[in-house]
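# Secondary and tertiary structure notes
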Amino acid sequence: MPATDTDKLLSTEFMARLDQLDLVSRKMLAGKLKGERRSKRRGQSVEFADFRNYVIGDDLRFIDWNIYGRLDRLFLKLFLEEEDLSLYILVDVSKSSDYGTPNKAAYMKQVAAALGYVGLVNYNRVNIVALSDKVVAETGPLRGRQKVRQMIDFVGKLEPQGSSHLAEAAKRFALANRGKGVCVVLSDFFDKAGYENGLRYVATGTYDLFAVQILSPQEIDPDLQGDLKLRDLEDDDLAEVSITAPLIKQYKTNLNAYCMSVKDYVTKRGGSYLFSSTAVPFDTLVLNYLRDRGLLG
């Protein structure tokens, strides 16, 4: 039997393991629709929370008449308010993502599909947004397990395109999605214009931000030597370089400093940062690393 798009991204066995997980937001966020996530706020769900003394103007429907019969005092029943959680998954589909073995673009698509699946089966609102130099495509708000197929089809059809311009793409996303929620950014954060302006739009406090920087093993530990012409995947710029051991050492130092700068930028603004190589099985990233960072529980 040929493999389906779903099988290519998420196996049946892996989805069964994802069924045990839910999103964990550091903030209980008010949404526009009633959801299954219980808030600390008092509201009008069916789950009882507490009593308080009745005051003039309270809704008489919520008076506990049994207590009134016993104590001759009016108490109001309080209930946990149900709130929904919005999950935004921003996926870098610029041309630079189409690199490495295992391929970064394929890896990020699997992580996005896994997170989207967890969000949908727990009845959160899920919006997957593909970014390069602009918002390339997005699912729009999806909700419920019945939308899993639609989500998988969307992610499966994403193809690397365009140059990285996180600032412009993130700005467009932020202008179109002004609600609160959890925002996961999957990217290598290689952007000639810099990552700071782009992350600024999603590190405002409106979103519970998780920045996941994903690089290939060949980018982390390049196996190159001799005189080479290196071509930029996004704009075809060529650079002639003589690869030596000291140059490779300096490259690794610079790369580490760059990744640390992304981490510092995110954490100083209250977000969570995670680095991963595509050599790490994506299910390990989802089931272990993202749980350790507090995104899943």
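Before any of the text, the structure's been laid out above.
Described below are features of the structure shown in this document.

### Considering the packing of aromatic side chains
All told, the structure shown has eight aromatic pairs when counted by the stated rule. Consider the rings of tyrosine 195 and tyrosine 258, whose centres lie 5.7 Å apart with planes at 85°: the pair is edge-to-face. Of this pair, tyrosine 195 sits in the loop between strand E7 (181-187) and helix H7 (196-200) while tyrosine 258 sits in helix H9 (residues 245-268); the two residues are 63 residues apart in sequence, bridging distant segments of the chain. Given the relative accessible area of 5%, tyrosine 195 is considered buried. Through a chain of ring-to-ring contacts, the aromatic side chains of Phe190, Tyr195, Tyr258 and Tyr265 assemble into a single cluster. Above the face of the tyrosine 201 ring, arginine 200 is positioned so that its terminal group lies 4.8 Å from the ring centre.

### Observations concerning empty space enclosed by the protein
Tallied over the full model, the rule gives one cavity of 30 Å³ or more. By volume, the largest cavity is sized at about 110 Å³. The wall of the largest cavity is formed by 16 residues, among which Asp92, Ser132, Ser164, Leu166 and Ser187 lie closest to the centre. For the lining of the largest cavity, the secondary-structure elements that each account for two or more residues are strand E3 (86-92) and E7.

### Concerning the layout of surface pockets
Roughly 1200 Å³ of internal volume is contained in the largest pocket. Residue lining of the largest pocket: 33 residues in total, with Phe190, Glu219, Leu230, Arg231 and Tyr251 positioned closest to the centre. Counting residues per element, the ones that place at least two in the lining of the largest pocket are helix H8 (217-220), strand E9 (226-231), strand E10 (238-243) and H9. Residue contributions to the lining of the largest pocket peak at six residues, all from H9. Looking at the lining of the largest pocket, its residues break down into 16 nonpolar, five polar and twelve charged.

### Points about the environment of valine 136
With respect to the secondary-structure elements, valine 136 resides in strand E5 (residues 135-138). According to the relative accessible area criterion, valine 136 is partly exposed, its value standing at 26%. Sequence-wise, valine 136 and glutamine 161 are 25 residues apart; in three dimensions their C-alpha atoms are separated by 8.7 Å. Once residues lying within four places of it in the same chain are set aside, the contact partners of valine 136 are Val93, Ala130, Leu131 and Gln161.

### Some remarks on helix H6 (residues 166-176)
For H6, every residue scored as buried is listed here: Leu166, Ala167, Ala169, Ala170, Phe173 and Ala174. Each buried residue of H6 sits inside an arc of 165° when the element is viewed along its axis, so together they form one side. Next to the buried residues of H6 lie E3, strand E4 (125-131), E5, E7, H7 and strand E8 (207-215).

### Concerning the pairing of E8
Taken across its nine residues, E8 has nine buried, putting it largely inside the fold. Burial along E8 is two-sided: Tyr207, Leu209, Ala211, Gln213 and Leu215 and Asp208, Phe210, Val212 and Ile214, pointing in opposite directions, are all buried. Pairing geometry for E7 and E8, over seven bridges, is parallel. Bridging across to E8, glycine 181 finds its partner in tyrosine 207.

### Focus on the nonpolar core
Leu10 and Leu186 are the most contacted members of the largest nonpolar core, which has 48 residues in total. Aside from chain neighbours lying at most four places away, what touches leucine 186 is Ile89, Leu90, Val91, Asp92, Met108, Val111, Ala112, Val212 and Ile214. Ranked by size, the runner-up nonpolar core spans 25 residues in total, among them Cys183, Phe189, Tyr195 and Tyr265.

Calculation criteria
- Residues numbered from 1 in each chain as written.
- Predicted model: local features only at pLDDT ≥ 70, side-chain atom pairs only at ≥ 80, totals over all residues.
- Heavy atoms only, no water.
- Phe/Tyr/Trp six-rings, centres within 6.5 Å; stacked < 30°, edge-to-face > 60°.
- Helix = DSSP H or I, 4+ residues; strand = E, 2+ residues; numbered from the N terminus.
- Buried < 20%, exposed > 50% of the residue type's maximum accessible area, 1.4 Å probe, protein only.
- Lys NZ or Arg CZ within 6 Å of the ring centre and 35° of its normal.
- 1 Å grid on protein atoms, 1.4 Å probe; cavity = no way out; pocket = protein on both sides within 12 Å on 5 of 7 lines; lining within 4 Å.
- Points joined across faces, edges and corners; volume = space filled by probe spheres on them.
- Nonpolar A, V, L, I, M, F, W, Y, C, P; charged D, E, K, R; others polar.
- Contact = heavy atoms within 4.5 Å.
- Arc of directions from axis to C-beta.
- Pairing = 2+ DSSP bridges.
- Core = buried A, V, L, I, M, F, W, Y, C linked by side-chain atoms within 4.5 Å.

Just distances and angles here, no functional claims.
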